[in-house]
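Chain residues, written in single-letter form:
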Amino acid sequence: MRIPCYFLFLFGFLSFAQDDLNVTEQVFDENYLEDQLYVSLSYQRLIKLPEEIKQTGFSYSFTVGFIKDIPLNRARNIGLGAGLGYNLNTHYFKVRNVEGATDDNISSSNKVVLNMVEFPVEFRIRNSSPSKYNFWRFYPGLKFNYSFYNSSNIKQSEDFDVFDVIDINDFQYGISLAAGFNKWNIYCYYGISDLFNESESYAKVIGVNEVKIGIIFYPL
């Protein structure tokens, strides 16, 4: 797993935080918090796809939630964040049974929608202040998701059941990054957990992970 982008941004944002700490005449507000609402929209790509699965269409993810800020220093520009949100994941793909692959057992485009509760945890570095509303931020973190309701539009042949091959993993987690300036920021996510469980009727493990790239908006 390669996450070099975290470290490329990290040194730059640490320098911003250090500059704020070195301002001797800075007035600190002990009640200042960077609590935030967030909304994000991302394109998601499935990686490590086996020959059984082919991604089709435009798969996307929409999230909305709230993060509570926990400052770690006097300047309150380094902290932790813990939140709660809603995540809508939509996947489009085709599935086939490779053990007897013919035109009759290759499914047409399938749509699976996951309605998930998400729990983001972030390490937060920014050069904000009580009077500075436009600022740089660098928020790497972890995100945990639990699917409480799934819906699907599965098209399949009479002799091939798609769910014999795939079984959606209800509990998922991965690493996330929000970085940028002001309200609109770049958002990235890499799923550590597999999207699919091993199916009881299909012996082969299908290890598929998600990668999301999009934008995140902080309205407040």
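Conventions we followed
Residues numbered from 1 in each chain as written. Predicted model: local features only at pLDDT ≥ 70, side-chain atom pairs only at ≥ 80, totals over all residues. Heavy atoms only, no water. Salt bridge = Lys/Arg side-chain N within 4 Å of Asp/Glu carboxyl O. Helix = DSSP H or I, 4+ residues; strand = E, 2+ residues; numbered from the N terminus. Buried < 20%, exposed > 50% of the residue type's maximum accessible area, 1.4 Å probe, protein only. Patch = residues over 30% accessible without salt bridge, like charges linked within 9 Å, V, L, I, M, F, W, Y side chains within 5 Å. Areas by Shrake-Rupley, 256 points an atom, 1.4 Å probe, with all protein chains shown as cover. 1 Å grid on protein atoms, 1.4 Å probe; cavity = no way out; pocket = protein on both sides within 12 Å on 5 of 7 lines; lining within 4 Å. Points joined across faces, edges and corners; volume = space filled by probe spheres on them. Nonpolar A, V, L, I, M, F, W, Y, C, P; charged D, E, K, R; others polar. Pairing = 2+ DSSP bridges. Phe/Tyr/Trp six-rings, centres within 6.5 Å; stacked < 30°, edge-to-face > 60°. Lys NZ or Arg CZ within 6 Å of the ring centre and 35° of its normal. Core = buried A, V, L, I, M, F, W, Y, C linked by side-chain atoms within 4.5 Å. Contact = heavy atoms within 4.5 Å.

**Student:** Looking at this structure, how should I read the pattern of salt bridges?
**Tutor:** When their charged atoms lie close together, side chains carrying opposite charge are able to pair. Following the criterion strictly, the structure yields 5 salt bridges and no others. Between aspartate 69 and arginine 126 there is a salt bridge, with its nearest N and O atoms 2.9 Å apart. With aspartate 69 in strand β3 (residues 60–71) and arginine 126 in strand β5 (residues 110–126), this pair connects stretches of sequence that are 57 residues apart. On the basis of relative accessible area, arginine 126 is assigned to the buried category, the value being 1%. Residues participating in the shared-partner salt-bridge network are Asp69, Glu122, Arg124 and Arg126.

**Student:** Would you mind going over a nonpolar patch on the surface with me for this structure?
**Tutor:** A cluster of nonpolar residues, Tyr146, Phe148, Tyr149, Phe171, Tyr173 and Ile192, forms a patch on the protein surface that exposes about 610 Å² of accessible area. Taken together, the elements giving at least two residues each to the nonpolar patch come down to β6 (136–153) and β7 (171–181). In this structure, phenylalanine 171 sits in strand β7.

**Student:** I would appreciate a short explanation of the layout of surface pockets in the present structure.
**Tutor:** If a probe as big as a water molecule is rolled over the atoms, it shows which places are left empty. Volume-wise, the second largest pocket comes out at about 180 Å³. What lines the second largest pocket is a set of 15 residues, among which Glu34, Tyr133, Phe135, Lys183 and Leu220 lie closest to the centre. Class assignment for the residues of the lining of the second largest pocket results in 7 nonpolar, 3 polar and 5 charged.

**Student:** Please clarify how the pairing of strand β4 (residues 78–95) should be interpreted in this entry.
**Tutor:** Pairing of strand β2 (residues 53–55) with β4 involves 3 bridges; the strand directions are antiparallel. Note on β4: the bridge partner recorded for glutamine 55 is phenylalanine 93. Where β3 and β4 come together, 12 bridges link them in antiparallel fashion. Bridging across to β4, phenylalanine 62 finds its partner in leucine 88. Counting the residues in the hairpin turn of β3 and β4 gives 6 residues, including arginine 76, whose phi is positive at 60 degrees. Here 14 bridges tie β4 to β5, and the two strands are oriented antiparallel to one another. Within β5, the position partnered with glycine 79 by the bridge is arginine 124.

**Student:** I would appreciate a short explanation of the packing of aromatic side chains in the present structure.
**Tutor:** Working definition: an aromatic ring pair is given by the centre-to-centre distance plus the angle between the planes. Following the criterion strictly, the structure yields 8 aromatic pairs and no others. Ring geometry for tyrosine 86 versus phenylalanine 148: centroids 6.5 Å apart, planes at 50 degrees, classification tilted. With a gap of 62 residues between them, tyrosine 86 in strand β4 and phenylalanine 148 in strand β6 connect regions that are remote in the sequence. You can call tyrosine 86 partly exposed: its relative accessible area is 29%. Here arginine 124 stacks its cationic end above the ring of tyrosine 139, 4.3 Å away from the centre of that ring. One residue, arginine 137, lies across the ring of tyrosine 218, its end atom 4.2 Å from the ring centre.

**Student:** Explain empty space enclosed by the protein here, please?
**Tutor:** In this structure the tally under the stated criterion is 3 cavities of 30 Å³ or more. Along its surface, the largest cavity is lined by Tyr38, Ile67, Pro120, Glu122, Tyr139, Lys143, Ser176, Leu177, Ala178, Tyr187 and Ile216. Of the residues that constitute the lining of the largest cavity, the class distribution is 8 nonpolar, 1 polar and 2 charged.

**Student:** How should the pairing of β3 be read in this particular structure?
**Tutor:** Along a regular strand, successive side chains alternate from one face of the sheet to the other. Taken together, the 8 bridges between strand β1 (residues 36–47) and β3 define a ladder with antiparallel strand orientation. Looking at the pairing, tyrosine 38 lines up with glycine 65 of β3.

**Student:** Before we go on, may I ask you to explain the nonpolar core in this structure?
**Tutor:** Note on soluble globular proteins: their nonpolar side chains tend to be buried together. Core analysis: the largest hydrophobic core is formed by 12 residues, namely Leu46, Ile53, Phe93, Val95, Val112, Leu114, Met116, Ile166, Ile168, Leu195, Phe196 and Val208. Counting only elements with at least two residues in this core, the list comes to β4 and β5. In this view, valine 208 contacts Leu46, Ile47, Lys48, Leu49, Pro50, Ile53, Ser193, Asp194, Leu195 and Phe196; residues no more than four positions away in its chain are not counted. Counting 9 residues, the second largest nonpolar core, distinct from the first, contains Phe135, Tyr139, Ala178 and Tyr218.

**Student:** Help me understand the environment of valine 113 in this model?
**Tutor:** Within the element layout of this structure, valine 113 appears in strand β5. The exposure class of valine 113 is buried, given its relative accessible area of 12%. For the pair formed by valine 113 and tyrosine 60, sequence separation is 53 residues and the distance between their alpha carbons is 9.9 Å. Sequence-distant contacts of valine 113, defined by excluding residues within four places in its chain, comprise Leu88, Asn89, Thr90, Tyr149, Asn150 and Ser151.

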